[in-house]
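# Remarks on the overall topology
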Amino acid sequence: MFQPTYPIHTTRLVLRPITLDDLDDVYAWQSRPDVVRWMLGTGPRTREQSLSSVAAMAREDALNAVGDCLTLAVTTDAGVIGTVELVWRSETDRTAELGYVFHPDHGGRGLATEAASALLDWGFGEFGLHRVYARCHGGNEASARMMARLGMRREAHHVESYLFGGEWADQLTFAVLAREWRARATAPDS
């Protein structure tokens with residue numbers, strides 16, 4: 001079993017496993033059309049749907065096998081403002097996929113980047129990943145910008161590669177290697 005030592009502290013945030021007590025905060029963004037707009041196969045959630053989502057995320061506190069997801073609540077004094085996650089995609093290739101969702105009221109201050117960076121630090125450090133990638137809808141410019149801020153390079157633009165809302169959609173794929181992540185962390189301007 002692989003899991004961070006909880007909680008993970010950054011300059012402005014605390015990352016920890018989701019609990020059922022987080023329902024109100026999670027529902028606050030899962031019920032918003034502007035947040036779920038880019039999420040595959042979902043619309044704004046009811047409170048009951050968010051409860052199911054929170055219950056599932058509460059079980060995602062460690063990586064035991066390929067395919068497992070580690071989901072962490074990103075908290076401030078305002079409560080849970082978002083989640084960051086790593087999905088273990090390959091043990092042999094030491095690869096994981098990064099995901100994140102944040103309440104838009106907390107945008108524009110670098111909090112999502114700070115949270116994702118902390119999870120990537122753990123992934124490349126203690127967990128020993130070689131490569132982390134992330135994907136987004138071709139029209140999700142905010143997500144693509146965040147991946148670039150994390151130092152991920154755009155590796156692919158897949159044209160009409162998946163069905164999204166009943167229509168063919170483009171998908172962008174970004175990635176970063178462990179050596180690139182470490183070099184970024186030790187660069188003079190970081």
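Residues numbered from 1 in each chain as written. Predicted model: local features only at pLDDT ≥ 70, side-chain atom pairs only at ≥ 80, totals over all residues. Heavy atoms only, no water.

### Here's the deal with the overall build of the chain
Cut-off, in case you're wondering: The numbering of helices and of strands both runs from the N terminus, where a helix is a DSSP run of H or I of at least 4 residues and a strand a run of E of at least 2. Values of the radius of gyration come from C-alpha atoms, whereas the globule rule sets the reference at 2.2 Å times the count of residues to the power 0.38. Throughout, exposure labels follow a simple rule: accessible area from a 1.4 Å probe, protein chains only, divided by the maximum for the residue type, with under 20% read as buried, over 50% as exposed, and the rest as partly exposed. Residue contacts are defined here by distance: any two heavy atoms, one from each residue, within 4.5 Å place the two residues in contact. The Shrake-Rupley method, run with a 1.4 Å probe, gives the accessible areas here. Residue values count only the displayed protein chains as cover. Positive charges come from Lys and Arg alone, negative charges from Asp and Glu alone, with His and the N- and C-terminal ends not counted. All charge positions are set by atom: Lys at NZ, Arg at CZ, Asp at CG, Glu at CD.
Across its full length, the chain holds six helices and eight strands. Written out in order from the N terminus, the α and β elements of the chain read β-β-α-α-α-β-β-β-α-β-α-β-β-α. Taken over the C-alpha trace, the chain has a radius of gyration of 16 Å; the compact-globule value for 190 residues is 16 Å, and the two agree within 12%. Each principal axis of the C-alpha atoms in the chain carries an extent, and together these give about 45 × 40 × 35 Å. Out of the 190 residues belonging to the chain, those deemed buried represent 45%. The contacts of the chain with a sequence gap of at least 6 include a subset with a gap of at least 24, amounting to 59%. Here the chain has roughly 9,800 Å² of accessible surface; of this, 49% comes from carbon and sulfur atoms. Separation of charge centres in the chain, based on 19 positive and 25 negative side chains, amounts to 4 Å.

### Let's talk about the sheet that holds strand β2 (residues 14-17)
Condition: When DSSP finds two or more bridges between a pair of strands, those strands are recorded as paired. Axes here mean lines fitted to C-alpha atoms, for a helix over just the part in contact, with angles spanning 0 to 180 degrees between N-to-C directions.
The strand order β1-β2-β3-β4-β5-β6-β8-β7 describes an open sheet built from eight strands, whose pairing is mixed. The open sheet terminates on both sides in strands that have one partner only, identified here as β1 (8-9) and β7 (153-164). Where strand β4 (residues 79-90) lies against strand β5 (residues 95-102), eight bridges are found, and the strand directions are antiparallel. What sits directly across from V84, in β5, is Y100. Along the sheet face, helix α1 (residues 23-30) touches β4 and β5 and points at about 80 degrees away from the line of β4. Across the sheet, helix α4 (residues 111-124) is in contact with β1, β2, β3 (69-76), β4, β5, β6 (131-137) and β8 (167-177); its angle to β4 comes to roughly 35 degrees.

### Side note on the nonpolar core
The condition that has to hold: We define a nonpolar core as any set of buried Ala, Val, Leu, Ile, Met, Phe, Trp, Tyr and Cys residues linked to one another through side-chain atoms lying within 4.5 Å.
By size, the foremost hydrophobic cluster in this structure holds 39 residues, and its most contacted members are L15, V84, L98 and M152. Of all the secondary-structure elements, those providing two or more residues to this core are β3, β4, β5, α4, β6, α5 (141-149), β8 and α6 (178-186). Counting residues in each nonpolar core, the second largest holds 10 residues, with I18, W29, V54 and A73 among its members.

### Observations regarding the environment of W181
Here is the rule we go by: Definition of a polar contact: a pair of N or O atoms within 3.5 Å, with one able to donate and the other able to accept a hydrogen when the atoms are protein atoms, and with sequence-neighbouring residues admitted only if both atoms are side-chain atoms.
Tracing the sequence through the fold places W181 in helix α6. In sequence terms W181 and R16 are 165 residues apart; their C-alpha atoms lie 22 Å from each other. In this structure, W181 is in contact with S117, L120, D121, F124, L150 and V176, ignoring residues within four places of it in sequence. Polar side-chain contacts of W181 include one of 2.7 Å to the side chain of D121.

### Looking at α1
To keep it simple, the criterion reads: Each direction from the helix axis to a C-beta atom contributes to the arc, which is the arc of those directions.
Residues of α1 that are buried include every one of L23, V26, W29 and Q30, and no others. End-on view of α1: buried residues confined to an arc of 140 degrees, all on one side of the axis. Of the surrounding elements, those touching the buried residues of α1 are α2 (33-36), α3 (47-58), β4 and β5.

On their own, these measurements won't tell you what the molecule is for.
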